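Coordinate inspection notes
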Amino acid sequence: MNTPIADFVNNYTKSNKARLHMPGHKGVQFLGIEQFDITEIKGADELYSPEGIILQSEENASALFSTKKTVYSAGGSSQSINAMLYLAKIRSNSNTVFAARNAHKAFLYACAKIDCDIHWLYPEGSSHLCSCIITDKILAEALKTAETLPFAVYITSPDYLGRMADIKSLSAICRQYNVPLLVDNAHGSYLAFCEDNLHPTALGADMCCDSAHKTLPVLTGGGYLHIAKDDLFYFSERAVQAMEIFGSTSPSYLILQSLDLCNKYIYEKIRDDLSACQSKIEAIRSVMPVPDVSQEPLKITADMRCVANKDVFEKNGIEPEFTDGDFTVFMLTPQNSDEDFAKLKSAFSQMQIVKIICENTPAIPRGVQKITVREAIFSQSETVDVEKAIGRICAAPTVSCPPAIPIAVSGEEITTQHIELFEKYNINHISVVKK
Ligand SMILES: Cc1ncc(COP(=O)(O)O)c(C=O)c1O
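Residues numbered from 1 in each chain as written. Predicted model: local features only at pLDDT ≥ 70, side-chain atom pairs only at ≥ 80, totals over all residues. Heavy atoms only, no water.

Focus on the overall build of the chain
Across its full length, the chain carries 15 helices and 12 strands. Against the globule reference of 22 Å for 435 residues, the chain gives a C-alpha radius of gyration of 22 Å, in line with a compact fold. Along the three orthogonal principal directions, the C-alpha set of the chain runs to about 65 × 55 × 45 Å. Burial analysis of the chain (435 residues in total) assigns 54% to the buried set. Taking all contacts inside the chain whose residues are at least 6 apart in sequence as the whole, residues at least 24 apart take part in 71%. One way to put it: in the chain the 40 positive side-chain charges average out to a point 1 Å from where the 52 negative ones average out. (Helix = DSSP H or I, 4+ residues; strand = E, 2+ residues; numbered from the N terminus. Rg over C-alpha atoms; globule rule 2.2 N^0.38 Å. Buried < 20%, exposed > 50% of the residue type's maximum accessible area, 1.4 Å probe, protein only. Contact = heavy atoms within 4.5 Å. Lys, Arg positive; Asp, Glu negative; His and termini not counted. Charge placed at Lys NZ, Arg CZ, Asp CG, Glu CD.)

Topic: the nonpolar core
Ranked by size, the top nonpolar core spans 113 residues in total, and within it L85, F107 and F348 carry the most contacts. When residues of this core are sorted by domain, at least three fall in each of domain 1 (4-268) and domain 2 (273-349). L161, F327, V329 and F422 belong to the second-largest nonpolar core, a separate cluster that totals 23 residues. (Core = buried A, V, L, I, M, F, W, Y, C linked by side-chain atoms within 4.5 Å. Domains from an automatic or database assignment.)

Here's the deal with the packing of helix α5 (residues 136-144) against helix α6 (residues 167-177)
Where α5 meets α6, the axes come as close as 9 Å, and the angle between the chain directions of the two elements is 15°. The orientation of α5 relative to α6 falls into the category roughly parallel. Pair α5 / α6 crosses with right-handed handedness. Counting all contacts with α5, which are made through D136, L139, A140, L143 and K144, the residues of α6 involved are S169, L170, I173, C174 and Y177. Taken together, the residues of the contact of α5 with α6 break down into 7 nonpolar, 1 polar and 2 charged. (Axes fitted to C-alpha atoms, helices over the stretch in contact; angles between N-to-C directions. Parallel < 35°, antiparallel > 145°, perpendicular 65-115°, else oblique. Left-handed = near helix turned anticlockwise from the far one by under 90°. Nonpolar A, V, L, I, M, F, W, Y, C, P; charged D, E, K, R; others polar.)

Section: the pairing of strand β10 (residues 327-331)
For β10, the tally of buried residues reaches 4 of 5 residues, placing the bulk of the element in the interior. Examined bridge by bridge, strand β8 (residues 299-303) and β10 share 5 bridges and lie antiparallel to one another. Looking across to β10, one finds that D303 is bridged to F327. Both strand β9 (residues 322-323) and β10 contribute to a ladder of 2 bridges, which runs antiparallel. Across the sheet, residue T323 finds its bridge partner in β10, namely T328. Counting the residues between successive antiparallel strands, the hairpin from β9 to β10 contains 3 residues, one of them, G325, with a positive phi of roughly 90°. (Pairing = 2+ DSSP bridges.)

Considerations on the domain arrangement of the chain
The domains assigned to the chain are domain 1 (4-268), domain 2 (273-349) and domain 3 (373-433). If you average the C-alpha positions of domain 2 and of domain 3, the two centres end up 31 Å apart. With 4 residues of domain 2 in contact, the opposing surface of domain 3 contributes 4 residues. Surface buried jointly by domain 2 and domain 3 totals about 340 Å² across both partners, of which 56% is contributed by carbon and sulfur atoms. When the area that domain 2 buries against domain 3 is broken down by residue, the three leading residues are E321, F322 and D324, summing to 86%. Counting every contact that joins domain 2 to domain 3 gives 1 salt bridge. (Buried area = accessible area lost by both parts, 1.4 Å probe. Salt bridge = Lys/Arg side-chain N within 4 Å of Asp/Glu carboxyl O.)

Overview of the environment of L421
Mapped onto the elements of the fold, L421 is located in helix α15 (residues 416-424). Taking the relative accessible area as the measure of exposure, L421 reaches 1% and is therefore buried. In this structure the C-alpha to C-alpha distance between L421 and S279, which are 142 residues apart in sequence, comes to 36 Å.

Observations concerning a nonpolar patch on the surface
Residues V28, F30, L31 and I33 make up a contiguous nonpolar surface patch of about 460 Å² in total accessible area. Judged by relative accessible area, which is 70%, L31 ranks as exposed. (Patch = residues over 30% accessible without salt bridge, like charges linked within 9 Å, V, L, I, M, F, W, Y side chains within 5 Å. Areas by Shrake-Rupley, 256 points an atom, 1.4 Å probe, with all protein chains shown as cover.)

A word on the state of the cysteines
A complete count under the given rule lists 0 disulfides for this structure. Unpaired in terms of disulfides, C209 finds its nearest cysteine sulfur in C208, a separation of 6.5 Å. With relative accessibility at 0%, the residue C209 sits in the buried group. (Disulfide = S-S within 2.5 Å.)

Some thoughts on the packing of helix α3 (residues 76-89) against helix α4 (residues 105-114)
For the pair α3 and α4, interaxial distance at closest approach is 9 Å and the crossing angle is 45°. Accordingly, the angle class assigned to the pair α3 and α4 is oblique. As for how α3 packs across α4, the hand of that crossing is right-handed. Contacts from S78, I81, N82, L85, Y86 and K89 in α3 reach A106, F107, A110, C111, K113 and I114 in α4. Considered class by class, the residues forming the contact of α3 with α4 number 8 nonpolar, 2 polar and 2 charged.

In structure tokens, the structure reads:
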């Protein structure tokens, strides 16, 4: 597995050329990595019309992920989400996307940019804001009863808590209606390299975004847009152009080198590393005194509702990915040290369980859309105290990051159900459309 981007930059740094081009730091160390931070000079290729080293590197990634086409993102999954929706929308007369309600706010912003309507899919029964498992039954019913078929079905899998959708079944239903299945796989790049390939494109998704930086050894911002091998909808033809529409014309070469080097790691080592890491995670799971609600190989999601000493992780020098009092999410990768695993194991052994009835988590609100997402996001807005927001229309999706899942969707009327969740997540002020 070659690393053409990293090799090119290495050679350039050694060539001692006068850098009479961007960037302004000229390779002088301020942060310490400037020498590797180049721009689109001769031989460095162009991310949005790749013909040389970037194309070679992307083709390496595509072969590793077994896709028809893989395009690098220097703007994380957010950029790829925009591109996915754009690609699906331009091939259809429909203006509506069917989406599971736990979509990240990047999805909402993408819908505002391409000006489409969202028909939300909700799970059966009540569900945590972060989790919204759409079964084949729910999807089949939604498509069967749709007045107009959507231009795409969009789900998030794995979700923030590590729950995974049955992509195979959902894909089979989408195929019946000739509607593409798009998956936000921001949390699951590594799934392609587990013993069973669990990557969405291997299971029937037509397109997916991966935040390589979330679970692979890649710099923050590095991601992929993947088009599945069969490319039934010819998305690969315009995938690069779609990414260009939503990206900077100065993509970070540090990120591109990082994605390039990751190919070598995937090729040479990742499978062994993942298998060792999964064994260590299983060892922790086996001693957890509380349920782990995650179904994802590298994520542990501790149900904290019956834990008295919720500060146990902080006291053990652990920084989790996310905690909301009900669930605490830990993202582990082969790059975590044995000491990290030992700390987590030790923290679980110090947990104090209380035998009181656990509180129920407030369910995902089912709001009523009063104006479109685009109208709301582009409206004149004002910030009001949460308790004064009932009856007002949500403007920007006020959400903390993580999990960055909108409690109220832009354009929805705010109700007491929303307020309950805003308060739970300690959100005191929200943005509403001006009257
Ligand atoms: C489920 C999900 N989708 C999309 C994104 C956006 O990804 P990125 O930060 O790589 O742009 C995130 C980020 O946290 C996420 O959790």
